[in-house]
Amino acid sequence: MCDMTDADPGADPGAGPGAGPGVRPGPRPLRLEPALGAAAQLVLLLLLGTVTGLGPAGWLTGLVFTVALWGVLTRALFRSWPGPAPFGPANAVTLARATLVGAVTALVADLCASRPPVPALAALITVALVLDAVDGRVARRTGTATPFGARFDMEVDAFLILVLSVQVALSTGVWVLAIGAMRYVFVAAARVLPWLDGPLPPSTARKAVAAVQGVVLLVAGTGVLPAAPACVAVAAALALLVWSFARDVRWLWRVRAPGRSRRAAGGAGRPVRRASSGATGRRRG
């Protein structure tokens, strides 16, 4: 996963949201939520090991994911989350979805050595995709939408799509990896071309394309469709994704000048988001 920190690097979250520049920063306590997420991930891996006979590759991948999730989430909360502030129900839903993604990752890793039960894999993927529509609604209804929650949600989305593209690529072809890798290539390109990290206006089409990727990869990976129709569906999903990214890149290129970017993003009075993903561009709030 990418670094989920989305706060001002000069700010001190331990000082709390009301602390001014002259206030001495307080201690930054470690949060309990990453440890709870890691514990839930281990329990889920144990359950998978009992029910599906998770192999060595699956166990190793699942444990690596558990440690990585704990480390990335701990660091992000340490740097960008005020100590006393509650984690929030929406972030709890996203954390639960992240543990499901870890289980999916373990099962997909097992595909290299064996064939895990398709029903278990399909069930985990389906629940993870359904919960993707839940956390944002919870955040808006409870008034707990935050930049951290939006970034957390986006990273979990992107990693799930990457894992699903790996699963489908094993049977369909390496070209399917483009679906999962495109968002990460876009982020890497923004490091070299800063104008790619500009604000993007909200887009229903972008959200729809993001949803299509998960559904199509789920259908193709679980064998619901015959090989040929599944291949066509995945190719169509990839074409939609390329179109979505190309449209966003074109828009960012047109407003890349600082003055034009501010007028285009703020003049119409519409909310904007950072251009970190053309495929998983859903943000809370």
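Residues numbered from 1 in each chain as written. Predicted model: local features only at pLDDT ≥ 70, side-chain atom pairs only at ≥ 80, totals over all residues. Heavy atoms only, no water.

## Overview of the pattern of salt bridges
Scanning the model with the defined rule gives seven salt bridges in all. Between Arg183 and Glu155 there is a salt bridge, and its shortest N-O distance comes to 3.0 Å. Here the residue Arg183 occupies a position in helix 7 (residues 177-192), and Glu155 occupies one in helix 6 (residues 147-172), the gap between them amounting to 28 residues. Grouping residues by exposure puts Arg183 and Glu155 together as buried. In this structure, a network of salt bridges that share partners links the residues Arg97, Asp132, Asp135, Asp153 and Asp157. (Salt bridge = Lys/Arg side-chain N within 4 Å of Asp/Glu carboxyl O. Helix = DSSP H or I, 4+ residues; strand = E, 2+ residues; numbered from the N terminus. Buried < 20%, exposed > 50% of the residue type's maximum accessible area, 1.4 Å probe, protein only.)

## Examining helix 4 (residues 118-131)
Taking 1.5 Å per residue as the helical rise, helix 4 with its 14 residues ought to reach 20 Å, and the 20 Å between its terminal C-alpha atoms agrees with that figure. The set of residues buried in helix 4 consists of Leu121, Ala122, Leu124, Ile125 and Ala128. All buried residues of helix 4 fall inside an arc of 165° around its axis, so they share one side. The inward-facing, buried residues of helix 4 abut helix 1 (33-52), helix 3 (89-110), helix 6 and helix 8 (204-221). (Expected span 1.5 Å × (residues − 1). Arc of directions from axis to C-beta. Contact = heavy atoms within 4.5 Å.)

## Details of a nonpolar patch on the surface
Taken together, the side chains of Val166, Leu170, Val174 and Leu177 define a hydrophobic patch exposed on the protein surface, amounting to about 330 Å² of accessible area. Judged by its relative accessible area of 31%, Leu177 falls in the partly exposed class. (Patch = residues over 30% accessible without salt bridge, like charges linked within 9 Å, V, L, I, M, F, W, Y side chains within 5 Å. Areas by Shrake-Rupley, 256 points an atom, 1.4 Å probe, with all protein chains shown as cover.)

## Remarks on the packing of helix 8 against helix 9 (residues 227-254)
Helix 9 packs onto helix 8 with a crossing angle of 155° between their chain directions and a minimal axis gap of 9 Å. Our classification of the angle between helix 8 and helix 9 gives roughly antiparallel. Crossing of helix 8 against helix 9: the hand is left-handed. Of the residues in helix 9, those in contact with Ala205, Arg206, Val209, Val212, Gln213, Val216 and Ala220 of helix 8 are Ala230, Ala233, Val234, Ala237, Leu238, Leu240, Leu241, Trp243, Ser244, Arg247 and Asp248. Taken together, the residues of the contact of helix 8 with helix 9 sort by class into 13 nonpolar, two polar and three charged. (Axes fitted to C-alpha atoms, helices over the stretch in contact; angles between N-to-C directions. Parallel < 35°, antiparallel > 145°, perpendicular 65-115°, else oblique. Left-handed = near helix turned anticlockwise from the far one by under 90°. Nonpolar A, V, L, I, M, F, W, Y, C, P; charged D, E, K, R; others polar.)

## Re the nonpolar core
Membership of the largest hydrophobic core comes to 53 residues, with the highest contact counts inside it found for Val104 and Ile179. Of all the secondary structure elements, the ones that give two or more residues to this core are helix 1, helix 2 (56-80), helix 3, helix 4, helix 6, helix 7, helix 8 and helix 9. Element by element, the count of residues in this core is highest for helix 6, at 10 residues. Not counting residues up to four positions away in its chain, the partners in contact with Ile179 are Ile161, Ser165, Gln213, Leu217, Val234, Leu238 and Leu241. (Core = buried A, V, L, I, M, F, W, Y, C linked by side-chain atoms within 4.5 Å.)

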